[in-house]
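Notes for the structure review
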Amino acid sequence: MKLLVSEPGRRVVQLAAREWQQMRAVLGLFQQVARRPPPITRGVAGELPADAAAMLAADVVAGLEAERSATLALLDDPERCVKGKGGYGLQVDEVEADRLLRVLNGARVACWEALGSPNFESGERVEGTDRNRMLVTMMELAGALVSGWLTCLEGTTGAEEP
Amino acid sequence: MPVTLPTPTATPREASREALESGYLVVCWNDPVNLMPYVTHVFQQVFGWDRKRAEKHMMEVHEKGKSVLVRESFEKAEAHVHQLQSYSLQATLEKDAG
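Summarised in this report is the structure supplied together with it. Predicted, not measured: the structure shown is a model, and the values here were computed from it.

What counts as what
Residues numbered from 1 in each chain as written. Chains lettered and ligands numbered in written order. Predicted model: local features only at pLDDT ≥ 70, side-chain atom pairs only at ≥ 80, totals over all residues. Heavy atoms only, no water. Helix = DSSP H or I, 4+ residues; strand = E, 2+ residues; numbered from the N terminus. Contact = heavy atoms within 4.5 Å. Areas by Shrake-Rupley, 256 points an atom, 1.4 Å probe, with all protein chains shown as cover. Phe/Tyr/Trp six-rings, centres within 6.5 Å; stacked < 30°, edge-to-face > 60°. Pairing = 2+ DSSP bridges. Axes fitted to C-alpha atoms, helices over the stretch in contact; angles between N-to-C directions. 1 Å grid on protein atoms, 1.4 Å probe; cavity = no way out; pocket = protein on both sides within 12 Å on 5 of 7 lines; lining within 4 Å. Points joined across faces, edges and corners; volume = space filled by probe spheres on them. Nonpolar A, V, L, I, M, F, W, Y, C, P; charged D, E, K, R; others polar. Buried area = accessible area lost by both parts, 1.4 Å probe. Salt bridge = Lys/Arg side-chain N within 4 Å of Asp/Glu carboxyl O. Parallel < 35°, antiparallel > 145°, perpendicular 65-115°, else oblique. Left-handed = near helix turned anticlockwise from the far one by under 90°.

A count of helices and strands for chain B gives four helices and three strands. Secondary structure elements in chain B, listed N-terminal to C-terminal, are α-β-α-α-β-α-β. Residue pairs at least 24 apart in sequence account for 69% of intrachain contacts in chain B once pairs closer than 6 positions are excluded. On chain B, roughly 5800 Å² of surface is accessible, and the fraction owed to carbon and sulfur atoms is 55%.

Here it is as structure tokens:
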């Protein structure tokens, strides 16, 4: 993954064919792994309107699904994701760049939740089933794509350096 | 002859309205899944903070388990929580007890 063009409101990022396939695979996970509606508060129950909390949670999950569909459509649009030798040139505006980051990370979190929200940092492990192995692999893959995309968003092409 | 005006005091209704308008905290909680540079990026995006301030809050989340990001009215705090949750961060709205 490499930033080719960075202009106000527009970026072109080079994706290796493998990265393009990985992005599609990770985004496809949303159909297999449902996100859990997040809680709106951890405070004392009853201090916040219950209906507002439920609506907010449902809205977040529905929003992620809509963003996943839009991002998949972008990756499949031959005019915005131009196939070249050995890869793709993906052209995005600010909103699309941010959306791609959000859905890739959303897929990572969805895998983690489907694994039972384990704390791998503290040594917690999950049962070694085929499904769990797939989820761990996709979670790590999504994390690598998030890191790569963040680098592209925050980086420069090098052209503007002295 | 000078006149001493009484010190203004909030009526219960005014006090309660004030509490509703600026008495909610947006809190981000630590989790073992979101990457640290990602969390920093999200804070910059959502609050318009510079990197230094965003990193300070990110480190607070990581080391202390949570960080109070802003104190707002219910509506504004709710909107921030919605934004942060759309980035899959564990953000909640808490009534300010202080």
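This next bit is on unusual backbone geometry. In this structure, A:S117 takes a positive phi of about 55 degrees despite not being glycine. In the Ramachandran plot, B:S88 falls in the positive-phi region, its phi being about 65 degrees despite a non-glycine side chain.

Before going further, it helps to spend a moment on the packing of aromatic side chains. Residues and elements named next belong to chain B. Following the criterion strictly, the structure yields four aromatic pairs over all chains and no others. An angle of 75 degrees between the planes, with centres 5.2 Å apart, marks the rings of Y24 and F74 as edge-to-face. Highlighted residues: Y24 in strand β1 (residues 24–29) and F74 in helix α4 (residues 74–86), separated in sequence by 50 residues. Considering the side-chain rings of F47 and W49, the 4.6 Å spacing of their centres and the 20 degrees angle between planes classify their relative orientation as stacked.

Turning next to the sheet that holds strand β4 (residues 87–92) of chain A. Residue and element names in this part refer to chain A. In spatial order, the strands read β1-β2-β4-β3; together these four strands make up an open sheet with antiparallel pairing. The sheet terminates laterally at β1 (2–7) and β3 (81–84), the two strands that pair on one side only. Looking at each pair of strands side by side, their axes are set apart by 15 degrees on average, direction ignored. Pairing between β1 and strand β2 (residues 10–16): five bridges, direction antiparallel. Each residue of the ladder has a partner; that of E7, found in β2, is R10.

Next up on the list: the layout of surface pockets. Approximately 270 Å³ is the volume attributed to the largest pocket. If you go around the largest pocket, you meet 20 residues; those closest to its centre are A:E121, B:D31, B:V33, B:N34 and B:L35. It is helix α3 (residues 51–64) of chain B that provides the largest number of residues to the lining of the largest pocket, a total of three residues. Looking at side-chain class alone, the lining of the largest pocket contains 13 nonpolar, three polar and four charged residues.

Once that is clear, we can look at the sheet that holds strand β2 (residues 66–72) of chain B. Residue and element names in this part refer to chain B. A sheet is described by the order of its strands in space; here three strands give the open sequence β2-β1-β3, paired in antiparallel fashion. The two strands at the open ends of the sheet, each matched to only one other strand, are β2 and β3 (91–95). Averaged over all pairs of adjacent strands, the angle between strand axes in this sheet comes to 30 degrees, irrespective of strand direction. As judged from the six bridges shared by β1 and β2, these two strands associate in the antiparallel manner. By the bridge assignment for β2, V26 is matched with V70. Against the sheet, α4 engages β1, β2 and β3, with an angle of about 160 degrees to β3.

Once that is clear, we can look at the interface of chain B and chain A. Contacts between the two partners involve 27 residues from chain B and, on the opposite side, 32 residues from chain A. Together chain B and chain A conceal approximately 2600 Å² of surface at their shared face, both sides included; 58% is due to carbon and sulfur atoms. When the buried area of chain B at its contact with chain A is split by residue, B:P32, B:V33 and B:Q85 rank highest and sum to 23% of it. One can count one salt bridge joining chain B with chain A. Two residues, B:R51 and A:E154, come together in a salt bridge whose shortest N-O distance is 2.9 Å. Elements with a minimum of two residues in the side of chain B that touches chain A: β1, α2 (36–47), α4 and β3 of chain B. Among the residues making up the side of chain B that touches chain A, the classes are represented as twelve nonpolar, ten polar and five charged.

Below, the discussion takes up the packing of α2(B) against α3(B). Residue and element names in this part refer to chain B. Between α2 and α3, the shortest axis-to-axis distance is 8 Å and the interhelical angle comes to 130 degrees. Accordingly, the angle class assigned to the pair α2 and α3 is oblique. Considering the relative orientation of α2 and α3, their crossing is right-handed. The residues of α3 that touch α2, namely those facing M36, V39, T40, F43 and Q44, are R51, A54, E55, H57, M58, M59, V61 and H62. When the residues that make up the contact of α2 with α3 are grouped by side-chain class, the tally is seven nonpolar, four polar and two charged.

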